[in-house]
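A look at the structure
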Protein chains: 2
Amino acid sequence: MRRYFTSTAAVLALMAAPALADDTALREQAKEVFEVIPLSGADIDTIVMTRDRIDLGAMLFFDPRISASGIFSCQSCHNVGIGGVDGLETSIGHGWQKGPRNAPTVLNAVFNIAQFWDGRAPDLAAQAKGPVQAGVEMNNTPDQVTATLKSMDGYVTAFAAAFPGEPDPITFDNFARAIESFEATLITPNARFDQWLMGADGVLTEQEKRGLAVFMDQGCSSCHAGVNFGGQEYYPFGLIERPGGAVLPEGDRGRFAVTETADDEYVFRAAPLRNIAITAPYFHSGVVWDLREAVQIMGTSQLGADLSDTDVDDIVAFLGTLTGEQPEVVHPILPVRTNATPKPNAM
Amino acid sequence: MRRYFTSTAAVLALMAAPALADDTALREQAKEVFEVIPLSGADIDTIVMTRDRIDLGAMLFFDPRISASGIFSCQSCHNVGIGGVDGLETSIGHGWQKGPRNAPTVLNAVFNIAQFWDGRAPDLAAQAKGPVQAGVEMNNTPDQVTATLKSMDGYVTAFAAAFPGEPDPITFDNFARAIESFEATLITPNARFDQWLMGADGVLTEQEKRGLAVFMDQGCSSCHAGVNFGGQEYYPFGLIERPGGAVLPEGDRGRFAVTETADDEYVFRAAPLRNIAITAPYFHSGVVWDLREAVQIMGTSQLGADLSDTDVDDIVAFLGTLTGEQPEVVHPILPVRTNATPKPNAM
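Residues numbered from 1 in each chain as written. Chains lettered and ligands numbered in written order. Predicted model: local features only at pLDDT ≥ 70, side-chain atom pairs only at ≥ 80, totals over all residues. Heavy atoms only, no water.

As for the overall build of chain A
Looking only at helices and strands, chain A features 14 helices and four strands. Based on the C-alpha atoms only, the size of chain A along its principal axes is roughly 90 × 45 × 30 Å. Counting only residues that meet the buried cut, chain A has 54% of its 347 residues in that class. The long-range share in chain A, meaning contacts at least 24 apart out of those at least 6 apart in sequence, stands at 71%. Surface accessibility of chain A: about 14900 Å² in total, with carbon and sulfur atoms responsible for 54%. In chain A, the 24 positive side-chain charges and the 44 negative ones have mean positions that sit 3 Å from each other. (Helix = DSSP H or I, 4+ residues; strand = E, 2+ residues; numbered from the N terminus. Buried < 20%, exposed > 50% of the residue type's maximum accessible area, 1.4 Å probe, protein only. Contact = heavy atoms within 4.5 Å. Areas by Shrake-Rupley, 256 points an atom, 1.4 Å probe, with all protein chains shown as cover. Lys, Arg positive; Asp, Glu negative; His and termini not counted. Charge placed at Lys NZ, Arg CZ, Asp CG, Glu CD.)

Next comes the structure, spelled out in structure tokens:
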């Protein structure tokens, strides 16, 4: 009988909500590494967050007429309905050209140290200017963009309101700054992980907590830390063991193209892992569709760790807790073109 | 002094709000030809307008994963932010192919007698199946669409809610029916014309009312009548005088391709004119960008009327009163793909 009683007690202990002591220790460890995502991006003091600025940014973000063809908007590759990405290996752009890298998510991008896989844009405003001009993306020019915007009364009014007091508010710089302000609203708070980190014991399963522990103990969190679980530092991809050429194509030397420093060959910004479960495919090459496989590759290439199947499953379960509340965006009604508006050109 | 007094009185009469008697007569004439747009499409009894059905339709309308490439959604060519069109002469689709005709607006399309320029789809559900399968548009197959939808828990749940009691709710038919329900919400009530037709004298200018009178007196309203100012009947384009080959390309014989009847050569559904001021470019060929020019061409080709510049200006001013309140659509958060979801294929 005693044995039976003991067994029951053991079973009960396993079935109970995670023991307070365990959660507390794990939470203390996690708090040293990660941060809860803020409820808004408004604290970043270089970004003006007026209602007028944000509303203008939303219009620009959704307006395909800023591309030469009239087909692509920011939303095309950073779709707010599917995790801020396009769900493609690499994006398709002007003339059906295939872009060189997987489109990173716009969600929470405001919290990254810099933008693009190689960090070549210091902030979201600088980033916004890139795809507009890239031949394989929107294939447009700053002059054509401002001519387009100036041709429509709705934009003339909206820029004047968003940039009060400026004599000539419709500039390519202001275009980018307004998009940055809107994108700073695209954050995903209240992920289950954040709720747990703030003290809600019951919201993570035992498996998810085991995954968190493995994630920290194995060293994943050495690079994937902070508010965005990454996006803060640069590291060589293939630190321990170089992954296959499909995952890490030889021709794309990463941050080397930005710094032209030998040390930066195949160096990339550590991918931010917020919402990673909903933003497949993975890596800058975009060839890995299964998060499980992505975790295995990271284990081998970055940690030299042969993670057990259970470890991988647990880490994947944990990563699922980083999916936050997706932003609710009302599709803006865009200004009406006039006879002065440049016509789309798909050539 | 008497002369001065008389002149002042005349000027005052001109400046006054439109005389009641004049408006009443014009309004009575207009009421015999046109209808105020309803506040919802819910009266159409073949379309189920439950919240679940509409919400599912919104998800499908905005989901690029229903195209083979993963790039195009219904929204791509029927953008709710720019009048329900794409603002291109003819749409660009899979592989950067150029479609054969200008994309008609989805706004108020529920009130048209049939869909497409040649009316080949009897309703919005039938229409929705077209672009998905067209090689120059989404280049997908019904089987691939349903496989895609079945692979995502979010769609499994949403279809079950939208089609309660059905053992296998994810079908290509139901996909189309849900999109139809959502599209039936995309209507634009309370245009200034509607307000005026309902009795608000002050909302139309004298020029706009002159334009309305010319529109009816010259016979435009013979074809462009009813709730949608068109969309109800089929007519030969070039009834009196054939427009140039750019506007009416010889290779596109219109409704002839549907009925194979000689009488239907170069016959098209009269374009609905609601929101026409914001849906350039014009005609099935999409080559005319200026509404003024479009009105002139219609006058010559359909009426044999050499409209005066003033008449054309007045008609264009009147057409501007048909722009209604644009629908406010929250961009849906779409279901998350799984490893079973077919991958995008841009080939």
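Further notes follow.
A short note on the domain arrangement of chain A
Residues and elements named next belong to chain A. Domain boundaries in chain A define domain 1 (51-184) and domain 2 (190-321). Relative to domain 2, the C-alpha centre of domain 1 lies at a distance of 27 Å. Contacts between domain 1 and domain 2 engage 23 residues on the former and 26 residues on the latter. When domain 1 packs against domain 2, close to 1900 Å² is buried across both sides, 50% of that on carbon and sulfur atoms. On inspection of domain 1 and its partner domain 2, the count reaches one salt bridge. (Domains from an automatic or database assignment. Buried area = accessible area lost by both parts, 1.4 Å probe. Salt bridge = Lys/Arg side-chain N within 4 Å of Asp/Glu carboxyl O.)

Looking at unusual backbone geometry
All names here are of chain A. Residue Pro281 is reached from Ala280 by a cis peptide bond, and omega for that bond is 0°. Topologically, Pro281 is positioned in the loop between strand E4 (267-269) and helix H13 (291-303). Residue Phe116 is not a glycine yet carries a positive backbone phi of 75°. Checked against the element boundaries, Phe116 lands in the loop between strand E2 (97-98) and helix H5 (124-133).

Details of the packing of aromatic side chains
Aromatic ring pairs are reported here in terms of the distance separating the ring centres and the angle at which the planes meet. Evaluated as defined, the whole model comprises 32 aromatic pairs over all chains. Measuring from centroid to centroid gives 6.2 Å for Phe229(A) and Phe318(A), while their planes differ by 50°, and the two rings are tilted. In this pair, Phe229(A) sits in the loop between helix H11 (220-223) and strand E3 (234-236) while Phe318(A) sits in helix H14 (residues 309-319), placing the two residues 89 residues apart along the sequence. Considered together, Phe229(A) and Phe318(A) belong to a single accessibility category, that of buried residues. Measuring from ring centre to ring centre gives 5.2 Å for Phe215(B) and Phe318(B), while their planes differ by 55°; the resulting arrangement is tilted. (Phe/Tyr/Trp six-rings, centres within 6.5 Å; stacked < 30°, edge-to-face > 60°.)

Quick notes on the side chain of His78(A)
Considering the arrangement of structural elements, one finds His78(A) in the loop between helix H4 (74-77) and strand E1 (92-93). The residues touching His78(A), leaving out its near neighbours within four places in the chain, are Phe61(A), Gly84(A), Val85(A), Ala103(A), Pro104(A), Thr105(A), Val106(A) and Gln127(A).

Brief notes about the interface of chain B and chain A
Every contact between the two is made by 40 residues of chain B and, on the other side, 40 residues of chain A. Counting across the interface, chain B meets chain A through 10 residue pairs in polar contact (both at pLDDT 80 or more). Per-class residue counts for the side of chain B that touches chain A are 22 nonpolar, 12 polar and six charged. (Polar contact = N/O pair within 3.5 Å; in protein donor to acceptor, adjacent residues only side chain to side chain. Nonpolar A, V, L, I, M, F, W, Y, C, P; charged D, E, K, R; others polar.)

Brief notes about the packing of helix H3 (residues 51-62) of chain B against helix H7 (residues 153-162) of chain B
Residues and elements named next belong to chain B. Interhelical geometry of H3 versus H7 gives an angle of 145° and a closest axis separation of 8 Å. Judged by the twist between their axes, the crossing of H3 over H7 is left-handed. On H7, the residues touching Asp52, Arg53, Leu56, Met59 and Leu60 of H3 are Gly154, Tyr155, Ala158, Phe159, Ala161 and Ala162. The residue makeup of the contact of H3 with H7, split by class, is eight nonpolar, one polar and two charged. (Axes fitted to C-alpha atoms, helices over the stretch in contact; angles between N-to-C directions. Left-handed = near helix turned anticlockwise from the far one by under 90°.)

Details of the relation of the copies chain B and chain A
Mapping chain B onto chain A calls for a rotation angle of 180° and an axial translation of 0.0 Å; the resulting RMSD is 0.0 Å. Here the copies are linked by what is in effect a two-fold axis. Every residue of chain B has its C-alpha some distance from the rotation axis, and the shortest such distance is that of Val330(B), at 2.0 Å. Of the interface residues in chain B, 100% have counterparts in chain A that sit at the interface too, so the contact is made through matching surfaces. (Least-squares fit on C-alpha atoms with pLDDT ≥ 70 in both.)

Quick look at the UniProt feature "binding site: heme c 2" (unreviewed entry) in chain A
All names here are of chain A. The positions that UniProt labels "binding site: heme c 2" (unreviewed entry) are, in the present scheme, Cys220, Cys223, His224 and Met298. Look at the named residues: they lie 79 residues apart in sequence, but the longest C-alpha span between them is just 11.3 Å, so in the fold they bunch up. Looking at the secondary structure, you find Cys223 in helix H11. The exposure class assigned to Cys223 is partly exposed, which follows from its relative accessible area of 24%. (UniProt positions renumbered as here; feature names shortened; annotations may be inferred.)

Some details on the pattern of salt bridges
Counted under the stated rule, the structure contains 32 salt bridges over all chains. For Asp252(B), the salt bridge is made with Arg101(B), and the minimal N-O distance between the two is 2.7 Å. Taken together, the residues span a long stretch of sequence, with Asp252(B) in the loop between strand E3 (234-236) and helix H12 (256-259) and Arg101(B) in the loop between strand E2 (97-98) and helix H5 (124-133) at a distance of 151 residues. Each member of the pair, Asp252(B) as well as Arg101(B), carries the same accessibility label: buried. Where salt bridges share partners, they join Arg101(A), Asp118(A), Arg120(A) and Asp252(A) into one cluster.

Regarding the confidence of the model for chain A
Overall, the predicted model of chain A reaches an average pLDDT of 93, with 93% of residues at or above 70. Interface scoring of the predicted complex returns ipTM 0.92; its pTM is 0.93. (pLDDT = per-residue confidence, 0-100.)

Points about the state of the cysteines
Counting across every chain of the model gives zero disulfides over all chains. Cysteine Cys74(A) remains unbridged, with the sulfur of Cys77(A) as its closest cysteine sulfur at 9.1 Å. Not part of a disulfide, Cys223(B) finds its nearest cysteine sulfur in Cys220(B), a span of 8.9 Å. (Disulfide = S-S within 2.5 Å.)

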